[in-house]
Amino acid sequence: MFRPTTLGPGAGSGIRHAPAIRSGTSGLFKYAHLVLYGRSDEISVIDRLLADCRTGRSGCLLITGEPGMGKTALMEYAASAADGLRVVRGTAIESEAHLPFAGLHLLLRPALDRTDALPAPQARALRGAFGLAPAEPGDRMLVGLAVLSLLAEFADGGPVLCLVDDAQWLDRASAEALLFAARRLDAEGTALIITARTGFEAPGLAHLPLTGLDAPAAAGLLAEHAATLSPAHRYRVLAEAQGNPLALLELPLALAAGRPVAAGEDLPMTETVQAAFLDRVRRLPEPSRNLLLVAAAEDTGDRDVVLRAAAPLGCRPTDLVPAETAGLLRVDNRTVRFRHPLVRSAVYQAAPVSLRLVVHTALAEALHRPEDADRRAWHHAVVATGPDEQVAAELENTARRAVERSGYAAAAAAYERAARLTESGTDRARRLVLAAEAIAEEGDIDRMVELARHGAAGTDDPALTVRATRVRAAAAFHHGLLRTACRLLTEAAEPIRDDDPALAAHLLLDAVHAAWYLGKDEIADTADRLDALPLPPDDPLTHVARLLTWTVRSAIGQGDRDPGALVRRVAAAGRTGFGGPHDTILVGATSLQAAGQDTEAHRVAGELLARCRDRGWIGRTPPVLACVARTSTFLGLHTDAWDEATEALHIAQELGHRQWTAEISGVLAYLAAVTGDERRCHAFADDALAAPEPGATPPGMSWAHWALALLDLGHARWESARTRLTALHTGPVSHQLPGLRSIPDLVEAAVRLGRPADAREPLARLTAWAHDAAQPWIDAHVQRCRALLAPETDAAELYRAALRLHPDDRRFERARTALLYGEWLRRMRRRSEARTQLRDAFETFRRLGATPWAERARAELDATGATVPGAEAAGGALSVLTSQERKIIRLAARGLSNRDIAAQLFLSPRTVGYHLYKAFPKLGVTARTELAALTLTDAAP
């Protein structure tokens, strides 16, 4: 957690110079300018960050290094240099790492009066996370979005500098929320500086790693600070400090105090520095030492709690004075703060275990308020040395509260500790399974498997065994062990199919999901099992199960493909609402895509995406965005699809959703292929084809094959395209969405190579799908393929039929048909007619940014003797905007306010305003009301 401090504008007037060595004084704060010796480059980075903040821009900086490298000193410098900025700061404490959102709460406490200004879902999530209101189960990332909005609101009163020290000790929920917000800071006037030990991961943040000073700088620092050291001692200090500034300051103090240093002694740097601090601790009176230990074991730095807990140990408030005078503590009216984390660590680790237990008992008794229940439970847990059901029950309650606040890592830690304090039996197994289920929400795959295995081994309760198996199956799925996952789920469902068909249905729904990536036989088997369950006919779960089995059977060519039946099933399943691992509406949208009903799928998925955004369901967003991006791609809305897929990819990567990362990368590879971008297409395809483990089927394989084949077609690499498409159509993923939809590409490649026989069977499948789906756009593809295979006497009419059937909004595919027809007309020496088709194709490809296709059309036009039109800006008004600007402009054109747009796109209102300010001049408008008059057409991504 944090020890919070809020300073006013321009807090601090600079770092004071310190005197030479003086026994009994602290090295860190009085020698701050010395710790910063040789750090001019790092200071300039901080200066730029603060300067940008004063102009209304936001920025984040992660400073990492080993203890004593000067991280905290750089943070002190930032606070002292923050003229005109309000400073909010906090220091994370290791003993608080199991309390969800505790660190974030104390850091943001000065800004909590702005909570009412947040969108309602965010305000509820933040209050629930901080224990200020009843918690609602929800998306843990929604708290991060609320943090972003709260920082933006707080910055309305002037730019803000937020300082977070020792972030490696943050509880996981606080760290996730803080980093989620940090990656989205843009134009709020907020600077965020985080310090942490080496190894702290914060992808997406600017990183400033601190290493030891080089030899000349280290010698210069030591000469300035400890001029009286003998040459032998100076050499020894330089050798042991290894460039660590704090060690260069503290080791001479230990030598000056007479601490013996053996000639052959070789201590690790951290232990050496801790020993230097302990020298000062040992010289304190015993009551002061005991009080220091209480402060080291206490979680919040609350001075009153520390004093209450220390009183039974014979300590009085005046016993703080020697520790403060020795430079070990900083005390104010509310808090007791250690001068450096190493002091806290040294004090606690050096204390006898028996004395630590006494201190934790005293702290548990001092934390008597109801809101202190979680901290009290953990202090009791530290003291417990064997089974203790009362403490275990307290921890289980703590874990339950953590789950309600989406603090799953903290919940898992509490459940696991509770299990260790429980006698062998059902309760112990139940708590281990609860811990496994909680850690599964965090994605710690190896840990969840271990906990589930121990839980299942400790009980013969069938329900617990099934729950543990489901956790193990989820881990296998995430590892890419799809056959293992499918087997575990089907085996667990079989013995309970009659006694608990609802639970068996949930297991088999997961099994169908895994089987989707294995092949047709596995899909048919799991669908049969799901269909055979004795579910009540009107149960909502029954409708979901029937819809899913209908969808997968249709995909593998089994069962009917009646569009009317699909609509009825989607409507029936829709009555179950949204929730669970197989969200009903998402299944319905995917089913519509499988049936070729893209317009309806786009509507359903779009409504679901709007619901996710309105409710802040960030964790559920990647699969929904992926579904929307697929339908946008199918409808020819390539810029929309690119924006949706890139947003989905960023969120999926941030949340560690490897499956969705791969699948979305495949969609992006396809969109890059449309534009002919070889580099991006291959890069995304590589990501889509990255199998989680050897032998596993990559989740993005079907899209990657289709994308690379389309890229080849655009560049007239017919053989390569045919090879890739054949692999797609004969491989294990031919039933997935790209399977049927890539048949026109396969037919074109085969005809180009003079192998029309290779196109007959695929065309027959496409024709059957067109008959079942009754969609004009599919009929257009059938007619185009028939034209490619038809004799000269029939081809023209088939091409014209295809052009009539192509919907106007599917411009890319219509232009491809026009290109093929134009090529055929030119070969038939009907040049005038050819020019009309080729010019239409060329103009469309150019507007869409489909460069290789435009070049093919241009070459054909040249061959007809036509003059190719001059270049014009492609893509309409939106082509001049960035991806972020496009999304914001579209929403602003619909009349949404900055606050509404921010909630939709997981940004802050200030960032929205900044992008509108940048976009308006590009569009030639001066007010939002003018946006409605623009033609916001699709543009090249």
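Residues numbered from 1 in each chain as written. Predicted model: local features only at pLDDT ≥ 70, side-chain atom pairs only at ≥ 80, totals over all residues. Heavy atoms only, no water.

### Notes on the overall build of the chain
- Regarding its fold elements, the chain presents 46 helices and eight strands.
- Relative to its 941 residues, the chain shows a buried fraction of 58%.
- Contacts spanning at least 24 positions in sequence make up 69% of the contacts within the chain whose residues lie at least 6 apart.
- Here the chain displays about 36400 Å² of accessible surface, and carbon together with sulfur accounts for 52% of that area. (Helix = DSSP H or I, 4+ residues; strand = E, 2+ residues; numbered from the N terminus. Buried < 20%, exposed > 50% of the residue type's maximum accessible area, 1.4 Å probe, protein only. Contact = heavy atoms within 4.5 Å. Areas by Shrake-Rupley, 256 points an atom, 1.4 Å probe, with all protein chains shown as cover.)

### Some points on the pairing of strand β3 (residues 86-92)
- Within β3, seven of the seven residues are buried, which leaves it mostly tucked inside the rest of the structure.
- The two faces of β3 match: Arg86, Val88, Gly90 and Ala92 on one face and Val87, Arg89 and Thr91 on the other face are all buried.
- Here β3 runs beside strand β4 (residues 160-165); their pairing, made up of six bridges, is parallel. The residue bridging Thr91 from the neighbouring strand is Asp165, located in β4. (Pairing = 2+ DSSP bridges.)

### Describing the packing of helix α12 (residues 286-297) against helix α16 (residues 353-366)
- In the contact formed by α12 and α16, the axes pass within 10 Å of each other and the chain directions differ by 65 degrees. By the angle between their axes, α12 is roughly perpendicular relative to α16. Considering the relative orientation of α12 and α16, their crossing is right-handed. Across the interface between the two elements, Asn290, Leu293, Val294 and Ala297 of α12 pack against Leu355, Arg356, Val359, His360 and Leu363 of α16.
- Partitioned by chemical class, the residues of the contact of α12 with α16 number six nonpolar, two polar and one charged. (Axes fitted to C-alpha atoms, helices over the stretch in contact; angles between N-to-C directions. Parallel < 35°, antiparallel > 145°, perpendicular 65-115°, else oblique. Left-handed = near helix turned anticlockwise from the far one by under 90°. Nonpolar A, V, L, I, M, F, W, Y, C, P; charged D, E, K, R; others polar.)

### Overview of the pattern of salt bridges
- Applying the stated criterion to the full structure yields 61 salt bridges.
- A salt bridge links Arg303 to Asp304; the nearest nitrogen and oxygen atoms lie 4.0 Å apart.
- Put simply, Asp745, Glu748, Arg752, Arg784, Glu813, Arg816, Glu823 and Arg856 are held in one network by salt bridges that share partners. (Salt bridge = Lys/Arg side-chain N within 4 Å of Asp/Glu carboxyl O.)

### Regarding helix α37 (residues 743-752)
- With respect to burial, α37 is a largely interior element, eight of its ten residues being buried.
- Every buried residue of α37 is listed here: Ile743, Pro744, Asp745, Leu746, Val747, Glu748, Ala749 and Ala750.
- At the exit of α37 stands Gly754, carrying a positive phi of roughly 70 degrees.

### Regarding unusual backbone geometry
- A positive phi is found at Phe101, a non-glycine position, where the angle reads about 65 degrees.
- Tracing the sequence through the fold places Phe101 in the loop between β3 and α4 (102-108).
- Positioned with a positive phi, Ala716 is a non-glycine residue whose angle comes to about 60 degrees.
- In this fold, Ala716 is placed in the loop between α34 (701-714) and α35 (718-730).
- With relative accessibility at 38%, the residue Ala716 sits in the partly exposed group.

### Description of the side chain of Arg431
- Structurally, Arg431 can be placed in helix α20 (residues 426-442).
- Look at Arg431 and you get buried, because its relative accessible area is 2%.
- Setting aside anything within four residues of it in sequence, one finds Arg431 in contact with Glu389, Ala392, Ala393, Glu396, Tyr415, Ala418, Ala419 and Thr422.

### What to know about the pairing of strand β5 (residues 190-196)
- Along β5, seven of the seven residues are buried, which leaves the element largely enclosed by surrounding structure.
- Residues Thr190, Leu192, Ile194 and Ala196 of β5 are buried on one face, and the alternating residues Ala191, Ile193 and Thr195, pointing to the opposite face, are buried as well.
- Sheet topology note: the strand β2 (residues 59-64)/β5 ladder contains six bridges and is parallel. If you follow Cys60 over to β5, its bridge partner there is Leu192.
- In this region the chain leaves β4, passes through helix α7 (residues 172-182) and returns to the parallel neighbour β5; the handedness of that crossover is right-handed. (Right-handed = clockwise from strand over helix to strand, strands pointing away.)

### Some points on the packing of helix α25 (residues 520-531) against helix α26 (residues 540-555)
- At a minimum axis separation of 10 Å, α25 and α26 run at an interaxial angle of 155 degrees. Classified by the angle their axes make, α25 and α26 are roughly antiparallel. α26 is crossed by α25, and the crossing has left-handed handedness. Where α25 approaches α26, its residues Ile523, Ala524, Ala527, Asp528, Leu530 and Asp531 are matched on the opposing element by Ala545, Arg546, Thr549, Val552 and Arg553.

### A word on the packing of aromatic side chains
- All told, the structure shown has eleven aromatic pairs when counted by the stated rule.
- Between Trp642 and Phe684, the ring centres sit 6.0 Å apart and the planes meet at 80 degrees, which makes this aromatic pair edge-to-face. On the criterion of sequence distance, the pair formed by Trp642 in helix α31 (residues 638-655) and Phe684 in helix α33 (residues 678-688) is long-range, its members being 42 residues apart. Considered together, Trp642 and Phe684 belong to a single accessibility category, that of buried residues.
- Ring centres 5.8 Å apart and planes at 90 degrees place the aromatic pair Phe812 and Trp853 in the edge-to-face group. With Phe812 in helix α41 (residues 811-827) and Trp853 in helix α43 (residues 851-864), this residue pair connects regions lying 41 residues apart in the sequence. (Phe/Tyr/Trp six-rings, centres within 6.5 Å; stacked < 30°, edge-to-face > 60°.)

### Here we look at the environment of Arg811
- Relative to the assigned elements, Arg811 resides in helix α41.
- When its relative accessible area of 24% is taken as the criterion, Arg811 is described as partly exposed.
- The spatial distance from the C-alpha of Arg811 to the C-alpha of Leu637 is 8.7 Å, given a sequence separation of 174 residues.

### Regarding the confidence of the model for the chain
- In this model, the chain carries a mean pLDDT of 84, and residues with pLDDT of at least 70 account for 88%.
- Below pLDDT 50 for its whole length, residues 1-31 participates in 114 contacts with residues either more than four positions away or in separate chains.
- Every residue in residues 577-582 is under pLDDT 50, and counting partners more than four places away or in other chains gives 15 contacts. (pLDDT = per-residue confidence, 0-100.)

### What to know about the environment of Leu205
- The topology assignment puts Leu205 in the loop between β5 and β6 (206-209).
- Placed 21 residues apart in sequence, Leu205 and Arg184 show a C-alpha to C-alpha distance of 10.0 Å.

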